[in-house]
Amino acid sequence: MAEPDSEAVADVPLYLRVAAALREDLTQRRLSPGSRLPSERSLSQRYHVNRQTVRNALQLLRDEELVVTDRRGTFAADAQPETGPEPAAPPLSARRPTFPGGPRAAGALVRASLTWEPPPTPLAPRLLLTPGEPTLVHRHTVLGPHGGALQRAVSWFSRAALAEIPQLSRYRRGRDGRQQPDLRLLYHWMHQAGLRITHRESVGVPPAPAAAAAGGTARLVVHRVVSDQHGHALEITDIDFSAQSAAWTYEFSA
């Protein structure tokens, strides 16, 4: 079995490293479908971790339907039966949400940017940052047919997100910030990194007179916190949109 590179993933939790190594063996068919995995004891010795770490890694692979466990042990999941043509995989947007605002917003005319700046002071502790410490910030505006802003979103990423998601860490030095960044696969990247994420959204009406946009159109605001399986915030997003002229669609399945 391939072993994780300790230097490249030094900041990644141990069970995620073990899961990543086993996942590669499974997807590369070094462990053939239906074959039995080594015992927890053998895996703990191979990766120099305790058995609870191995159990956590196997649970993650079970959640991904890559392995199955019964009273005999843990086995690589069987391949699709060859009794007929394999059904076409659903589009990625149907299996995992796009970021931010859902598929409708992702398909609309947008303006997006990435900057490297400190978050609002109250958010810093939740993002595991010290006050004034900069982080990656994503701004996203959905435009209407006549160029007016229908939806605005700003997202702040935590220290943990930048450490564990390679596709985000490439922006650490602010490269490509003036281009149109494409983060629509953000939640897919989190999944690839072995993160089991939970979302919490609060929807509200801003206080008057801020509750009405220009022309008297009502507005709604959404505050989203995306956390990992340990309860650490990965992303905090504020979305502001016109309640009458824009639909806010959110789809998610873990």
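Structure: above.
Reading guide: rules and limits
Residues numbered from 1 in each chain as written. Predicted model: local features only at pLDDT ≥ 70, side-chain atom pairs only at ≥ 80, totals over all residues. Heavy atoms only, no water. Helix = DSSP H or I, 4+ residues; strand = E, 2+ residues; numbered from the N terminus. Buried < 20%, exposed > 50% of the residue type's maximum accessible area, 1.4 Å probe, protein only. Contact = heavy atoms within 4.5 Å. Areas by Shrake-Rupley, 256 points an atom, 1.4 Å probe, with all protein chains shown as cover. Expected span 1.5 Å × (residues − 1). Salt bridge = Lys/Arg side-chain N within 4 Å of Asp/Glu carboxyl O.

1. Considerations on the overall build of the protein
Each helix and strand counted, the protein has 8 helices and 8 strands in total. Taking all 254 residues of the protein together, 41% fall into the buried category. Considering only contacts within the protein whose residues lie at least 6 apart along the sequence, 60% involve residues at least 24 apart. Approximately 14300 Å² of the protein is accessible, and the part contributed by carbon and sulfur atoms is 50%.

2. Details of the environment of L127
Position of L127 relative to the elements: it lies in the loop between β3 (110-117) and β4 (135-143). With 30 residues separating them along the chain, L127 and F157 place their C-alpha atoms 6.9 Å apart. Once you skip the residues sitting within four places of it in the chain, L127 turns out to touch P119, W156, F157, S158, R159 and I236.

3. A short note on helix α1 (residues 14-27)
Relative to the 20 Å expected for 14 residues at 1.5 Å per residue, α1 spans 20 Å between its end C-alpha atoms, a close match to the ideal helical length. Counting buried residues in α1 gives 10 out of 14 residues, a clear majority hidden from the surface. Where the residues of α1 are buried, they touch α2 (40-47), α3 (51-63), β1 (67-70), β2 (73-76), α6 (159-164) and α8 (186-192). In the segment just after α1, R29 is the residue with positive phi, at about 65 degrees.

4. So, the pattern of salt bridges
Scanning the model with the defined rule gives 9 salt bridges in all. Where E24 meets R30, a salt bridge forms, and the shortest distance between an N and an O atom there is 3.3 Å. Owing to a relative accessible area of 45%, R30 belongs among the partly exposed residues under this scheme. A salt bridge links R72 to D70, with the nearest nitrogen and oxygen atoms 2.8 Å apart. Taking relative accessible area as the criterion, R72 reaches 52% and is therefore assigned exposed. On the basis of relative accessible area, D70 is assigned to the partly exposed category, the value being 34%. The network of salt bridges with common partners includes E24, D25 and R30.

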